[in-house]
Amino acid sequence: MDALMGQASCLEARPVALFARAYREGQACPLTDAELLTLNTWIDAEFKAIPCAVKFWTGDISLAECKAEFTKSGTLNVSTAHNSHPYLTKSANAKFRAIHDWQHIVLSADSEIF
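If you're wondering where the values come from, they're calculated on a predicted model, not measured in any experiment.

Lay out the nonpolar core in plain terms, naming residues and giving numbers.
What tends to happen in soluble globular proteins is that the nonpolar side chains get buried as a cluster. By size, the foremost hydrophobic cluster in this structure holds 15 residues, and its most contacted members are Ile50, Cys52, Leu76, Ala98, Trp102 and Ile105. At the level of secondary structure, the elements contributing two or more residues to this core comprise helix H3 (33–48), helix H4 (63–73), strand E2 (75–79) and helix H5 (90–107). With six residues, H5 is the single largest residue contributor to this core.

I'd love a proper account of the pattern of salt bridges, names of residues and values included.
All told, the structure shown has two salt bridges when counted by the stated rule. The salt bridge partner of Lys95 is Asp44, with a shortest N-O separation of 3.1 Å. Taken together, the residues Lys95 in helix H5 and Asp44 in helix H3 connect sequence positions 51 residues apart. A relative accessible area of 32% places Asp44 in the partly exposed class. Lys72 serves as the salt-bridge partner of Glu69, at 3.5 Å between the closest nitrogen and oxygen.

For the packing of aromatic side chains, give the residues involved together with the corresponding values.
As enumerated under the stated definition, the model contains three aromatic pairs in all. With 6.3 Å between their ring centres and 50° between their planes, Trp42 and Phe96 make a pair best called tilted. Of this pair, Trp42 sits in helix H3 while Phe96 is found in helix H5, placing the two residues 54 residues apart along the sequence. What makes Phe96 partly exposed here is its relative accessible area of 31%. Their ring planes at 20° and their centres at 6.1 Å tell us that Phe47 and Phe56 sit as a pair that is stacked.

Break down the confidence of the model for the protein chain for me, with residues and values.
Detailed reading of the predicted coordinates is not advisable wherever pLDDT falls low. Across the protein chain, the average pLDDT comes to 82, with 80% of residues at or above 70. Considering only residues more than four positions removed or in separate chains, one finds that residues 1–11, a stretch of pLDDT under 50, has 21 contacts.

Mind laying out the side chain of Ser79, listing which residues take part and the relevant values?
One can find Ser79 in strand E2. There is a polar contact of 2.7 Å between the side chain of Ser79 and the backbone oxygen of Gly59. If we skip the residues at most four places from it in the chain, Ser79 touches Trp57, Gly59, Asp60, Ile61 and Arg97.

Cut-offs used in this document
- Residues numbered from 1 in each chain as written.
- Predicted model: local features only at pLDDT ≥ 70, side-chain atom pairs only at ≥ 80, totals over all residues.
- Heavy atoms only, no water.
- Core = buried A, V, L, I, M, F, W, Y, C linked by side-chain atoms within 4.5 Å.
- Buried < 20%, exposed > 50% of the residue type's maximum accessible area, 1.4 Å probe, protein only.
- Helix = DSSP H or I, 4+ residues; strand = E, 2+ residues; numbered from the N terminus.
- Salt bridge = Lys/Arg side-chain N within 4 Å of Asp/Glu carboxyl O.
- Phe/Tyr/Trp six-rings, centres within 6.5 Å; stacked < 30°, edge-to-face > 60°.
- pLDDT = per-residue confidence, 0-100.
- Contact = heavy atoms within 4.5 Å.
- Polar contact = N/O pair within 3.5 Å; in protein donor to acceptor, adjacent residues only side chain to side chain.

What follows is the structure, given as structure tokens:
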């Protein structure tokens, strides 16, 4: 598991934090059909590339609980609570959450970065 957690260690924390801040503070805009297709294609590819079992839960799961369970069992637990999204289906949003949570694990990032 240590090898998995070090995959993205080449990313520096400052650029990631700057990107996260820009994302949080940015203005929302409607997606074109082509952009939505590109996003969904990316989500499917990234989700398939997660190299561990992913288990979806209907209840809330904290990042600390997610990391602890991954360390213990090698399974990525992802919450589907509060899963509505303006552009994504519930399935696509759940996969995106898995990608997001996986990045927390491989970057050893806390909840302040993303």
